[in-house]
Amino acid sequence: MKQMQTAKVVALTGAFTVAILCADAQTSTPSAAALEPIAFLTAHEWDAKLPDSPEGKKKKIHARFTWTQNRQAIRISNQLVIDGKASPYIDALYAWDPQQHAIVFWYVDAKGSLTKGTVKMEEGKLVHEFQEIESNGRTADYVSRVTPHGSEAWDNEIFARKENGLTPLVKVRYEVAQ
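Every residue gets a number counted from 1 within its own chain, in the order that chain's sequence is written. Owing to the predicted nature of the model, reporting of local features is limited to residues with pLDDT of at least 70; listing and counting of side-chain atom pairs is limited to 80 or more, with chain, interface and lining totals taken over all residues. Here the side-chain values reflect all heavy atoms present in the structure, with hydrogen atoms and water set aside.

(A) Representation of the overall build of the chain. Here a helix means four or more residues in a row that DSSP labels H or I, a strand means two or more in a row labelled E, and each is numbered from the N terminus. When helices and strands are tallied, the chain shows 1 helix and 10 strands. Listed N to C, the secondary structure of the chain is α-β-β-β-β-β-β-β-β-β-β in terms of helices and strands. Here the term buried applies to any residue with accessible area under 20% of the maximum for its type, exposed to any over 50%, and partly exposed to those in between, with areas from a 1.4 Å probe on protein chains only. Sorting the 178 residues of the chain into buried and exposed places 30% on the buried side. Long-range pairs, those at least 24 residues apart, make up 27% of the contacts in the chain between residues at least 6 apart in sequence. Note on contacts: a residue pair is in contact if any heavy atoms of the two residues lie within 4.5 Å.

Have a look at this one:
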C-alpha cells in the first residue's frame, strides 16, 4: 500500500512538473500573438502610388506580406513598379525578439543596403525605429509611422532622425492591390 501511495505521489509530482514545463514553454515561445499588431498587413497585397518620374513614368510600390510556415515571422517582398514593369525593391522579415520584448525587422534592398530596427505601438500607430546601413558602410537613422485605416488601407510616414529632431521625408498611402 505504501509503495502504491509513493508511486502516485511520484507520478503526480512528475505530471505537475511536466505541466509546469509545458506551460512555461508555451508562454516563452514566440507566437503569432506577439506579431498581432502587424498581422493586418498579411490580409492583402498592397500598392502605394508614388509621384511620377520626371519623364512622366507611373511609379508604385507593390507590397506583399506573408506569414512564414511556422507562423513565427512575417516575410515581406516589395517590388518597385515603373510603367507596369516590376523590379525587386526590398525583401524583409518581421519577428518577435523575446530578449528585447519587441517586434524586430530586417530589410535588404536591391542595392545591398541592410535596414534593421524595432516596432512598437504608440497612439494607434506602428512606430518603426531603424537604421539603414548602406553597402559602403554608411549609416542613417529613421523613424516610420504606419497608421492603419481599417483593413483596406494604411499610411507610411518616414522621417530622417537628425540631431535636431525628425525631418519628414515622404508619406505614402497603401491600398489593397487591384
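(B) Representation of the side chain of N78 in the model. If you trace the backbone, N78 turns up in strand β3 (residues 73–82). Residue classification places N78 among the buried positions, given a relative accessible area of 7%. Discounting chain neighbours no more than four positions away, the residues touching N78 are I61, H62, A63, R64, P88, Y89 and I90.

(C) Layout of the environment of T68. Assignment of secondary structure puts T68 in the loop between β2 (59–67) and β3. For the pair T68 and A95, spaced 27 residues apart in sequence, the C-alpha to C-alpha distance is 9.9 Å. In contact with T68, other than residues within four places in its own chain, are A73, R75 and L93. A polar atom in the side chain of T68 sits 3.4 Å from the backbone nitrogen of Q72. Residues adjacent in sequence count toward polar contacts only when both atoms are side-chain atoms; beyond that, a polar contact is any pair of N or O atoms within 3.5 Å, and within protein one must be able to donate a hydrogen and the other to accept it.

(D) Examining the pairing of strand β6 (residues 114–122) more closely. Note: two strands are recorded as paired if DSSP finds a minimum of 2 bridges between them. By the bridge criterion, 6 bridges tie strand β5 (residues 102–109) to β6 in an arrangement that is antiparallel. Residue pairing for β6: V108 is matched across the bridge by L114. Connecting β5 to the next strand, β6, in antiparallel fashion are 4 residues, including G112 with a positive phi near 95°. Bridge count for β6 against strand β7 (residues 125–133) is 9 bridges, and the pairing is antiparallel. Within the sheet, the bridge partner assigned to E122 lies in β7 and is K125. Following β6, the chain reverses through 2 residues before pairing antiparallel with β7; E123 in that reversal takes a positive phi of roughly 50°.

(E) Region of the structure containing the pairing of β5. Sheet analysis places strand β4 (residues 85–97) next to β5, joined by 8 bridges and oriented antiparallel. Pairing of L93 across the sheet is with W106, part of β5. What sits between β4 and β5 in their antiparallel hairpin is a turn of 4 residues, with H101 showing a positive phi close to 55°.

Honestly, that's just the spatial picture; any functional story needs more than this.
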